[in-house]
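A look at the structure
This is what each chain is made of:
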Amino acid sequence: MSAATAGWLQAGLLIAALAACYIPLGNYIAYIFSTDKDWKVERFIYKVMGVNKDADQKWSVYLRSILAFSVVAVLFLYLMERLQRYLPMDQHMPAVEQDTAWNTAVSFVTNTNWQNYAGESTMGYVTQMSGLVVQQFMSAAVGLCVAIAMIRGFVRQKTDKLGNFWVDVTRCTFRLLLPLSIVGGIVLVASGAIENFSAYHTITTLSGAHQTIPGGPVASSEIIKNMGNNGGGWFNTNSAHPFEDPTSFTTVFEIFTLLLIPFATPRAFGKMVKDNRQGYALVAVMVIIWLCAVGGISFFESHYNLGGATAAHLAHGAMEGVETRFGTSGCSLFAASTTVTSTGAVNCFHDSLTPFGGGIALFDIALGEIAPGGIGAGMYGILILAVVTVFVAGLMVGRTPEYIGKKIRPLEMKYAALYFLTLPVVILTAAGLSIGTHQGQSAIFNPGPHGLTEIVYAFASMANNNGSAFAGLGSAAPWYQTLGGIVMLLGRFAPEIFALGLAGSLARQSRVPESAGTLSTKTPLFVGMVVAVVLVLVGLTYFPALALGPFAEGLH
Amino acid sequence: MNRLPSSVRQLITGLRLLLIMTVICGIIYPVVMVAIAQVAFHKQANGSLVSYKGRTVGSSLLCQEFVNDKGQPLPQYFQPRPSYAIVGWSLAQKKNGQYYIAGTGPDNYGCNPLYSSASNLGPNNPAQIQFVKQRLQEISKFDHVPISKIPSDAVTGSASGLDPDISPQNAAIQVDRVAAARHVSPAKIRALVAKYTSGRVLGFLGDPVVNVLLLNIALDEKYPV
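Residues numbered from 1 in each chain as written. Chains lettered and ligands numbered in written order. Predicted model: local features only at pLDDT ≥ 70, side-chain atom pairs only at ≥ 80, totals over all residues. Heavy atoms only, no water.

What to know about the overall build of chain B
Helices and strands together make up the secondary structure of chain B, namely six helices and seven strands. For chain B, the sequential pattern of α-helices and β-strands runs α-α-β-β-β-β-α-β-α-α-β-β-α. The globule rule puts the C-alpha radius of gyration for 225 residues at 17 Å, and the 24 Å found for chain B is more than 25% above it. Residues counted as buried form 53% of the 225 residues belonging to chain B. Restricting the contact set of chain B to residue pairs at least 6 apart, pairs at least 24 apart contribute 59%. Carbon together with sulfur atoms contributes 58% to the accessible area of chain B, which is approximately 10100 Å² in total. Positive and negative side-chain charges in chain B, numbering 21 and 12 respectively, have mean positions lying 6 Å apart. (Helix = DSSP H or I, 4+ residues; strand = E, 2+ residues; numbered from the N terminus. Rg over C-alpha atoms; globule rule 2.2 N^0.38 Å. Buried < 20%, exposed > 50% of the residue type's maximum accessible area, 1.4 Å probe, protein only. Contact = heavy atoms within 4.5 Å. Areas by Shrake-Rupley, 256 points an atom, 1.4 Å probe, with all protein chains shown as cover. Lys, Arg positive; Asp, Glu negative; His and termini not counted. Charge placed at Lys NZ, Arg CZ, Asp CG, Glu CD.)

Concerning the nonpolar core
With 177 residues, the main nonpolar core has Phe154, Leu177, Phe269, Tyr403 and Phe459 of chain A as its most contacted residues. Ranked by residue count, the leading element in this core is helix α6 (residues 125–155) of chain A, at 17 residues. Once residues within four sequence positions are removed from consideration, Phe459 of chain A is found in contact with Ile427, Ala430, Ala431, Ser434, Tyr480, Leu483 and Val487 of chain A. Core analysis: the second largest hydrophobic core is formed by 25 residues, Leu74, Ala179, Leu192 and Ile217 of chain B among them. (Core = buried A, V, L, I, M, F, W, Y, C linked by side-chain atoms within 4.5 Å.)

Overview of the domain arrangement of chain B
Assigned domains of chain B: these are domain 1 (6–44) and domain 2 (47–222). Between domain 1 of chain B and domain 2 of chain B, the C-alpha centre-to-centre distance is 40 Å. (Domains from an automatic or database assignment.)

Comments concerning the pattern of salt bridges
Side chains carrying opposite charge are able to pair once their charged atoms draw close together. Residue and element names in this part refer to chain A. According to the stated counting rule, one finds 19 salt bridges over all chains in the structure shown. Notably, a salt bridge pairs Arg175 with Glu42, separated by 2.6 Å at the nearest N-O pair. Placement of the pair is Arg175 in helix α7 (residues 165–190) and Glu42 in helix α2 (residues 40–49), with a sequence separation of 133 residues. Judged by relative accessible area, which is 3%, Arg175 ranks as buried. Salt-bridge contacts for Arg492 lead to Glu496; the nearest nitrogen and oxygen are separated by 3.3 Å. (Salt bridge = Lys/Arg side-chain N within 4 Å of Asp/Glu carboxyl O.)

A few points about the confidence of the model for chain A
Detail in the predicted coordinates should be disregarded across regions flagged by low pLDDT. Here chain A averages 94 in pLDDT, and 100% of its residues register 70 or above. Across chain A, element-level confidence peaks in α7 of chain A with a mean pLDDT of 98 and bottoms out in helix α16 (residues 438–441) of chain A with 90. (pLDDT = per-residue confidence, 0-100.)

Thoughts on the side chain of Arg135 of chain B
Mapped onto the elements of the fold, Arg135 of chain B is located in helix α3 (residues 126–143). The charged side chain of Arg135 of chain B is buried without a salt bridge, its nearest counter-charge being Glu320 of chain A at 4.3 Å. Those residues within four positions of Arg135 of chain B in sequence are excluded, and the remaining contacts are Glu320 of chain A together with Pro82, Tyr84, Ile101, Val155, Thr156 and Gly157 of chain B.

So, the state of the cysteines
Enumeration according to the criterion identifies two disulfides over all chains in this entry. Linked covalently through their sulfurs, Cys331 of chain A and Cys348 of chain A form a disulfide whose S-S length is 2.2 Å. Its S-S torsion of about 70° marks the bond between Cys331 of chain A and Cys348 of chain A as right-handed, since a negative value means left-handed. Pair noted here: Cys331 of chain A is in helix α12 (residues 327–340) and Cys348 of chain A is in the loop between α12 and α13 (355–366), with a separation of 17 residues, a long-range link. Left without a disulfide partner, Cys172 of chain A is nearest to the cysteine sulfur of Cys145 of chain A, which lies 5.5 Å away. We note that Cys25 of chain B lacks a disulfide partner, and the nearest cysteine sulfur, in Cys172 of chain A, lies 10 Å from it. (Disulfide = S-S within 2.5 Å.)

Some words on the side chain of Thr156 of chain B
Tracing the chain through its elements places Thr156 of chain B in the loop between α3 and β5 (165–166). A polar contact is formed between the side chain of Thr156 of chain B and the side chain of Arg81 of chain B, at a distance of 3.0 Å. Engagement of the side chain of Thr156 of chain B in a polar contact is seen with the backbone oxygen of Ser152 of chain B, the distance being 2.8 Å. Ignoring anything within four residues of it in the chain, the contact list for Thr156 of chain B reads Ala315, Met319 and Glu320 of chain A together with Arg81, Pro82 and Arg135 of chain B. (Polar contact = N/O pair within 3.5 Å; in protein donor to acceptor, adjacent residues only side chain to side chain.)

Things to note about helix α15 (residues 410–436) of chain A
With 27 residues, α15 of chain A extends 37 Å between its outermost C-alpha atoms, agreeing within 8% with the 39 Å of an ideal straight helix rising 1.5 Å per residue. The largest bend along α15 of chain A measures about 25° and falls at Leu421 of chain A, with the proline Pro424 of chain A one to four residues further on. (Expected span 1.5 Å × (residues − 1). Bend = angle between axes of the 7 residues up to and from the residue.)

Examining α2 of chain A
Every buried residue of α2 of chain A is listed here: Glu42, Ile45, Tyr46 and Met49 of chain A. Each buried residue of α2 of chain A lies within a common arc of 100° when the element is viewed along its axis, so the set occupies one face. Along α2 of chain A, exposed side chains directed more than 90 degrees from the buried face belong to Lys40, Phe44 and Lys47 of chain A. Packing partners of the buried residues in α2 of chain A comprise α7 of chain A together with α1 (6–40) of chain B. The positive-phi residue at the C-terminal boundary of α2 of chain A is Gly50 of chain A, with phi of around 75°. (Arc of directions from axis to C-beta.)

Here's the deal with the environment of Tyr125 of chain A
Looking at where Tyr125 of chain A falls in the secondary structure, it is placed in helix α6. In this structure, Tyr125 of chain A is in contact with Met89, Gln91, Phe197, Ser198, Ala199, Tyr200, Pro214, Gly215, Gly216 and Trp234 of chain A, ignoring residues within four places of it in sequence.

Overview of the interface of chain A and chain B
Each side of the interface is counted separately: chain A has 109 residues, and chain B has 103 residues. Overall, the association of chain A and chain B removes approximately 8100 Å² of surface from exposure, summing both partners, and the carbon and sulfur fraction of that is 66%. Of all residues in chain A, the largest losses of buried area upon contact with chain B belong to Leu206, Glu320 and Thr324 of chain A, amounting jointly to 10% of the total for that side. Counting the contacts that link chain A with chain B gives one salt bridge. Seen at the junction of chain A and chain B, the total is 41 residue pairs in polar contact (both at pLDDT 80 or more). (Buried area = accessible area lost by both parts, 1.4 Å probe.)

Here's the deal with the packing of helix α8 (residues 218–227) of chain A against helix α9 (residues 248–272) of chain A
Helix packing for two helices is described by the angle between their axes and how far apart those axes are. All names here are of chain A. In contact at an axis separation of 7 Å, α8 and α9 are set at 45° when each is read in the N-to-C sense. The angle between the axes of α8 and α9 places the two elements in the oblique class. When α8 is examined against α9, the residues Glu222, Ile223, Asn226 and Met227 are found in contact with a partner set consisting of Phe253, Glu254, Thr257, Leu258, Leu260 and Ile261. (Axes fitted to C-alpha atoms, helices over the stretch in contact; angles between N-to-C directions. Parallel < 35°, antiparallel > 145°, perpendicular 65-115°, else oblique.)

Quick word on the packing of aromatic side chains
For the structure shown, the criterion picks out 24 aromatic pairs over all chains. Ring geometry for Phe356 of chain A and Phe551 of chain A: centres 6.0 Å apart, planes at 35°, overall tilted. With Phe356 of chain A in helix α13 and Phe551 of chain A in helix α19 (residues 524–555), this pair connects stretches of sequence that are 195 residues apart. On the numbers, 6.4 Å between centres and 85° between planes, the contact of Tyr380 of chain A with Tyr419 of chain A is edge-to-face. Separated by 39 residues along the polypeptide, Tyr380 of chain A in helix α14 (residues 377–397) and Tyr419 of chain A in helix α15 bring together distant segments of the chain. You can call Tyr380 of chain A buried: its relative accessible area is 2%. Members of the aromatic cluster, joined through ring pairs, are Phe299, Phe300, Phe356, Phe543 and Phe551 of chain A. Sitting over the ring of Tyr77 of chain B, Arg182 of chain B keeps its end group 5.1 Å from the ring centre. (Phe/Tyr/Trp six-rings, centres within 6.5 Å; stacked < 30°, edge-to-face > 60°. Lys NZ or Arg CZ within 6 Å of the ring centre and 35° of its normal.)

Focus on the pairing of strand β2 (residues 55–59) of chain B
Residue and element names in this part refer to chain B. For strand β1 (residues 49–52) and β2, the ladder comprises four bridges, and the chain directions are antiparallel. Directly across from Tyr52, in β2, lies its bridge partner Arg55. Where β1 folds back on β2, the antiparallel hairpin that results is connected by two residues, among which Lys53 adopts a positive phi of roughly 50°. (Pairing = 2+ DSSP bridges.)

A few points about the sheet that holds strand β6 (residues 197–198) of chain B
Residue and element names in this part refer to chain B. Read from one edge to the other, the open sheet built from three strands follows the order β5-β7-β6, with strand pairing classed as antiparallel. Strand pairing shows two members of the sheet lacking a second neighbour, β5 and β6, which therefore form its edges. Pairing between β6 and strand β7 (residues 209–211): two bridges, direction antiparallel. From the neighbouring strand, Thr197 faces β7, where its bridge partner is Val210.

Structure, rendered in structure tokens:
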């Protein structure tokens, strides 16, 4: 079988598996957040937290609960990293440096998982499994909660209540993330990912040298790393490391898990607004953009002669930073999927992609993580873009814009516009400051336009809470550690404020019945319009940076 | 607790949730998973270690260097891909315009699992272009093959620096050299390579590979030097 045919079949298997899960998983997510029945363990936790589960919160209270939890989590994680040598199974790791500890704490709480450290030589087992991994569960759950609160804004009428954050986050963890992680984690171990508490031990190799074999409960971290769209690997080289991702089956399985929940969430949306076709329309937008990304990166990595990749041309293949078992097809599929989902795990190194392949990865992130985006974050992101689309369409034909029976008035548009403007402002300002300062420039590893791509990619990745990197950039310098932490906080919480604000104002409205004058939001025409709005908005915002970075390198 | 300001109450609720979840997701969950893994999948869970002559010689998932004291490749073994899993890998440029891969410390060798790393060199980085050219020359000389026959995985660094595999083409160009060093016919070596070649998983996932460590163990066993 030719490599190209195998690559197509591999992508086909993935699409079939995701399609099979769309309805059951989407329905299940809708059920979790709609049912009145509580599990015993959940009732116990509400009691310990001192939360009345029937006390719904206003959008501002829901938001404050999220912020309160996140503040506590950042502090807790920071202290854990600083004090790790007093914890068991520390593998003799010293305290994590202050600026790295700050950056990492923010990074994991914001679902970014940008990593300025190498796990195997920085973090003890307990810091990873009881600190970082806990945030991989919780930050994912928080993201999904915001999406559900936003959906409730469309569902509910004449109320200012969006649900109870403490209840939502508990249910999401117990009923969705933990069960799926247990099943998926066992699949990974069975296929060769490691899962132990053994200390690092040194062996003598076949030719007589010494090699130290690291250990750790890796598989249980690996699964939630991907399923929660976190991306922070146990080891420095993430899903390229054979202990995290041992075979070409596990890598496809990991891609499946990182796309699973984001692609099923539109079904939950359709189910909750009692119109499944609204869900199909949004998932169609996501699928179109994801397929373009997969096709684009696959094309440029396999046709390395076309895009000005000199070293790949000399080597007869774009294999730098690619594992043999995955090949360029496995690399391209992973690279496209991890950048459109805000996961940021990597099974090949993006800095060594061909100029246009790397450019597409950057463009994917710049799209704002909506196709399908990170867990929850993709859902509220695409709902905002759908709102923008009905507004633009309403302007063109002179109708009052409506979406799911809710009027899009100036107040709603202000929230949507602020949501959309936040990320470009944060990214381009931070990138501009870095290019304009000595500290920023001195961290560049690859010369020429590629260096510019490294910086823009870094801030796009952090602000969008992706966490993948053009990892040549010396982002462990204090400048990037500090600025990066701020960028990640703004990139996570500013959009969540605007999304919840929008949800709050939508929930206060009553639903207007559909009339002949309503623009249908479940037709292929609407799908095409959303795709166009996404591409045009992003294209115009980031075109100068893309032109000076990857395009300039590839066309050179 | 009701007398406290609401923001303080929420911080306390947040802390309680965090502590409960740390116990459940951060302690109970990994401990249960390790228990299941150790019972049901003992070999995999501990790193797929392989033994030879009664001692553990490595993991079939991690590459090893087969070099002499001076860091030169040993001709009697199949060679893995170039590795950047070196202590403190950095790019050092010398005065005469040549680039060098510099590590730090006494353990200055590749395939070091404590320091998994990719090169992160871009495709137009002059260092990367120089390294590829150099490796093409070196392999061509070492294996007596024309440059056009050398596959890309032989001259490029892997993503993890720990890639345990090489492509079947990469193994094929090394056969004659290994056979000569072990004084056996290339056909016998080729048969052994075929035995340690795995096709694509399910016929279409990933790329075909040859596991270098398992192959080299089999060589030592069947055709000792």
